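# Structural description and commentary
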Amino acid sequence: MAHGSTHGSTNEKRQAHELIERLPATQLSAVVGLLEAMLDPVSRAIARAPSTTNQSRRKRRKRSRKRAKWSKRNKSIPHEQVLAELGINEEEIELQRMSFQP
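Position numbers for residues start from 1 in each chain and track the written sequence from start to end. With pLDDT at 70 or above as the cut-off, local features in this predicted model cover only qualifying residues; side-chain atom pairs require 80 or more to be listed or tallied, and sums for whole chains, interfaces and linings still use all residues. Values reported for side chains reflect all heavy atoms of the structure, with hydrogen atoms and water molecules removed beforehand.

## Description of the overall build of the protein
Regarding its fold elements, the protein presents six helices and zero strands. For helices the rule is a DSSP run of H or I covering at least 4 residues; for strands it is a run of E covering at least 2, with both sets numbered from the N terminus onward. Counting from the amino terminus, helix and strand elements in the protein follow one another as α-α-α-α-α-α. A radius of gyration in this sense is built from C-alpha atoms; the matching globule rule multiplies 2.2 Å by the number of residues raised to 0.38. The C-alpha atoms of the protein give 29 Å as radius of gyration, which overshoots the globular expectation for 102 residues (13 Å, by more than 25%). With the C-alpha coordinates of the protein rotated into their principal frame, the extents come out at 80 × 40 × 25 Å. For each residue, the accessible area found with a 1.4 Å probe, counting protein chains only, is set against the maximum for its type, and the residue is called buried under 20%, exposed over 50%, and partly exposed in between. Classification of the 102 residues of the protein by burial places 2% in the buried group. To measure how exposed things are, a 1.4 Å probe is used in the Shrake-Rupley method; for residues, cover is taken only from the protein chains shown. Entry remark: accessible area of the protein is about 9,700 Å², with carbon and sulfur atoms responsible for 57%. The charge count treats Lys and Arg as positive and Asp and Glu as negative. His and the chain ends do not count. In this description, the location of a charge corresponds to atom NZ of lysine, CZ of arginine, CG of aspartate or CD of glutamate. Side-chain charges in the protein split into 20 positive and 11 negative, and the spacing between the mean points of these groups amounts to 16 Å.

Below, the structure is given as structure tokens:
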């Protein structure tokens, strides 16, 4: 958009109105949603925020590689052995789990 010119802004608004008028009714709600998001500062900030998906994926891969290296150097202890050393069994864990569920 031309920010410094009122005339340019008026022409762009007119063009936007004309384009909206030509849209089929099925696409109007998408345009309205887009315009609302563009005018809402929170939505704009969310849209501009950097994606953390790739960063999270890299962190998960790094943790996975660390676990794999650790497993190669260290002997793992079977779950049943840990429970036996603690003096509990799988049924007791399940009973506890059930007692905490709403």
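After that view of the structure, there is still more to cover.
## Details of a nonpolar patch on the surface
There is a patch of nonpolar side chains on the surface, built from Ile20, Leu28, Leu34, Leu35, Met38 and Leu39 and spanning about 550 Å² of accessible area. Along the chain, Met38 falls in helix α2 (residues 25-39). Like charges are joined within 9 Å and nonpolar side chains (Val, Leu, Ile, Met, Phe, Trp, Tyr) within 5 Å, but only among residues with over 30% relative accessible area and no salt bridge; these make up the patches. Think of a salt bridge as a Lys or Arg side-chain nitrogen and an Asp or Glu carboxyl oxygen that are within 4 Å of each other.

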